[in-house]
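Each chain, written out:
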Amino acid sequence: VLQKWVNREISNFDYLIQLNTMAGRTYNDLAQYPVFPWILRDYTSEELDLNNPAVFRDLSKPIGVVNEKNAKAVKEKYENFEDPLGMIDKFHYGTHYSNAAGVMHYLIRVEPFTTLHIQLQSGRFDCADRQFHSIPATWQALMDNPNDVKELIPEFFYFPEFLENQNGFNLGQLQISKEVVNDVILPKWAHSPEDFIYKHRKALESEYVSAHLHEWIDLIFGYKQRGLAAVEALNVFYYCTYEGAVDLDALTDEKERKALEGMINNFGQTPCQL
């Protein structure tokens, strides 16, 4: 697969799907759903110029520190963290870039994810301000908040319907602007959900991304996923998210085991290292 990708016989999209599959991530498991990168950082221009490197996100950095301002806080958190019991290793992020709640967050307008979201929120929709209601606002929140580290899902590159409230769900009103949450608000350069998907997919397959995608792959699937390389790249997550970090079979206490299983399922899992 690597050779095919290098020879440009398969697209960037296909390559990412194949890597996800090899690392145990498929559409069959919300807790291990395929993870895709944010690739753009320009969600405000009238026109999207894919020949300008400045419109792309820096793929060599984890999404939590793409904004330089956050890097200092993330680093300090890691350096100052100490677990009195000595069980928990230091980490940069207490949340994860891919988990079941995040998938439902993005796909809330489409069944079966709508129902799953409602079940997760004890029988109703989460408050409107926390819904996925705008792509530019979601990106801005990532830039402002080092604790929000959600990457994307593959649907952002081929499935325009998830951006529309075709079922007419009542998703509530935003508190400050009183705006009703309906279809997802798109960047100015996208004239419709189809246009967004078309341009976003074009961006994924662009020359710039083809030349830099391996940097992101190193962080998610490769050598910067753990160990010293991960520490240097500000890419260390809570210890439970890593494969083999917890031996569930060794836990004799049923309650403790259930709690840990629940945490791993809801919290997010780092893919198998390839």
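First, a word on scope: everything that follows refers to the structure included in this document.

Reading the values: rules and limits
- Residues numbered from 1 in each chain as written.
- Predicted model: local features only at pLDDT ≥ 70, side-chain atom pairs only at ≥ 80, totals over all residues.
- Heavy atoms only, no water.
- Helix = DSSP H or I, 4+ residues; strand = E, 2+ residues; numbered from the N terminus.
- Buried < 20%, exposed > 50% of the residue type's maximum accessible area, 1.4 Å probe, protein only.
- Contact = heavy atoms within 4.5 Å.
- 1 Å grid on protein atoms, 1.4 Å probe; cavity = no way out; pocket = protein on both sides within 12 Å on 5 of 7 lines; lining within 4 Å.
- Points joined across faces, edges and corners; volume = space filled by probe spheres on them.
- Nonpolar A, V, L, I, M, F, W, Y, C, P; charged D, E, K, R; others polar.
- Phe/Tyr/Trp six-rings, centres within 6.5 Å; stacked < 30°, edge-to-face > 60°.
- Lys NZ or Arg CZ within 6 Å of the ring centre and 35° of its normal.

## With respect to the environment of Leu-213
Position of Leu-213 among the secondary structure elements: in helix 8 (residues 207-220). What makes Leu-213 buried here is its relative accessible area of 0%. Taking the C-alpha atoms as reference points, Leu-213 and Leu-186, 27 residues apart in sequence, are found 24 Å from one another. In this structure, Leu-213 is in contact with Trp-5, Asn-12, Leu-16, Pro-37 and Leu-59, ignoring residues within four places of it in sequence.

## A closer look at empty space enclosed by the protein
Under the criterion given, the structure shown has two cavities of 30 Å³ or more. Space inside the largest cavity adds up to approximately 60 Å³. In the lining of the largest cavity, the residues fall into eight nonpolar, two polar and three charged. Approximately 50 Å³ is the volume found for the second largest cavity. In terms of lining, the second largest cavity is formed by Pro-34, Val-35, Tyr-97, Ser-98, Asn-99, Gly-102, Val-103, Tyr-106, Lys-150, Glu-151, Leu-152 and Ile-153.

## With respect to the packing of aromatic side chains
Inspection of the entire model under this criterion finds 27 aromatic pairs. Ring centres of Phe-91 and Tyr-238 lie 5.3 Å apart, and the angle between their planes is 85 degrees; on these two criteria the pair is classed as edge-to-face. Here Phe-91, found in the loop between helix 3 (68-80) and helix 4 (100-106), pairs with Tyr-238, found in the loop between helix 9 (227-232) and helix 10 (254-267); they are 147 residues apart in sequence, far enough to count as distant. With relative accessibility at 8%, the residue Phe-91 sits in the buried group. One residue, Lys-90, lies across the ring of Tyr-78, its end atom 5.8 Å from the ring centre. Across from the ring centre of Phe-13, 4.3 Å away, lies the NZ or CZ of Arg-201, which sits over that ring.

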